[in-house]
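Chain by chain, the residues:
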Amino acid sequence: MKLLFMGLGMQEILVIALVVLLLFGGKKIPELMRGLGKGVKSFKEGLNDLEEKEKKEDTKKENE
């Protein structure tokens, strides 16, 4: 069974997770995931801001 994420299967994901666990240790992983989550949230907010600016500019051009 292949997952949609870059064609990785369950075995590959488990190996990657094991390597990450060995490299960073169990205590650092929650911190890494928290930082990753904040980064994704910030990225999404930036995209939303850009979309809002584009909509405002389009509305402004239509009104002129």
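Our structure's up above, just so we're on the same page.
This write-up is about the structure you can find in this document. Computed from a prediction, not measured in an experiment: that's the story for all the values here.

1. Describing the overall build of the chain
So, step 1. Counting secondary structure elements, the chain contains 2 helices and 0 strands.
So, step 2. Here the chain has a C-alpha radius of gyration of 20 Å; the compact-globule value for 64 residues is 11 Å, and the former is much larger.
So, step 3. Going through the 64 residues of the chain one by one, you find that 2% of them count as buried.
So, step 4. Here the chain carries 12 positive and 11 negative side-chain charges, and the mean point of each set is 11 Å from the other.

2. Remarks on the pattern of salt bridges
Two side chains of opposite charge can pair, provided their charged atoms sit close to one another.
So, step 1. Inspection of every chain in the model, using the stated rule, returns 1 salt bridge.
So, step 2. The salt bridge involving lysine 28 is made with glutamate 31; its shortest N-O contact spans 3.9 Å.

3. Some points on a negative patch on the surface
So, step 1. Taken together, Glu45, Asp49, Glu51, Glu52, Glu54, Glu57, Asp58 and Glu62 make up a surface patch of like negative charges.
So, step 2. Within the secondary structure, glutamate 57 is located in helix H2 (residues 29–63).

4. Regarding a nonpolar patch on the surface
So, step 1. Nonpolar side chains collect at one region of the surface, where Val15, Val19, Leu23, Phe24, Leu32, Met33, Leu36 and Val40 lie side by side and expose about 750 Å² of accessible area between them.
So, step 2. Within the residue set of the nonpolar patch, elements represented by two or more residues are helix H1 (10–24) and H2.
So, step 3. Considering the arrangement of structural elements, one finds leucine 36 in helix H2.

5. Observations concerning the environment of leucine 47
So, step 1. Looking at the secondary structure, you find leucine 47 in helix H2.
So, step 2. Residue leucine 47 is classed as partly exposed on the basis of its relative accessible area, which comes to 38%.
So, step 3. Counting along the chain gives 36 residues from leucine 47 to glutamine 11, while the straight-line C-alpha distance between them is 33 Å.

6. What to know about H1
Given 3.6 residues per helical turn, the α-helix brings residues three or four places apart onto the same face.
So, step 1. With 15 residues, H1 should cover 21 Å at 1.5 Å per step; its first-to-last C-alpha distance of 21 Å lies within 8% of that length.
So, step 2. Among the residues trailing H1, glycine 25 stands out with phi positive, at a value near 80°.

Reading the values: rules and limits
Residues numbered from 1 in each chain as written. Predicted model: local features only at pLDDT ≥ 70, side-chain atom pairs only at ≥ 80, totals over all residues. Heavy atoms only, no water. Helix = DSSP H or I, 4+ residues; strand = E, 2+ residues; numbered from the N terminus. Rg over C-alpha atoms; globule rule 2.2 N^0.38 Å. Buried < 20%, exposed > 50% of the residue type's maximum accessible area, 1.4 Å probe, protein only. Lys, Arg positive; Asp, Glu negative; His and termini not counted. Charge placed at Lys NZ, Arg CZ, Asp CG, Glu CD. Salt bridge = Lys/Arg side-chain N within 4 Å of Asp/Glu carboxyl O. Patch = residues over 30% accessible without salt bridge, like charges linked within 9 Å, V, L, I, M, F, W, Y side chains within 5 Å. Areas by Shrake-Rupley, 256 points an atom, 1.4 Å probe, with all protein chains shown as cover. Expected span 1.5 Å × (residues − 1).

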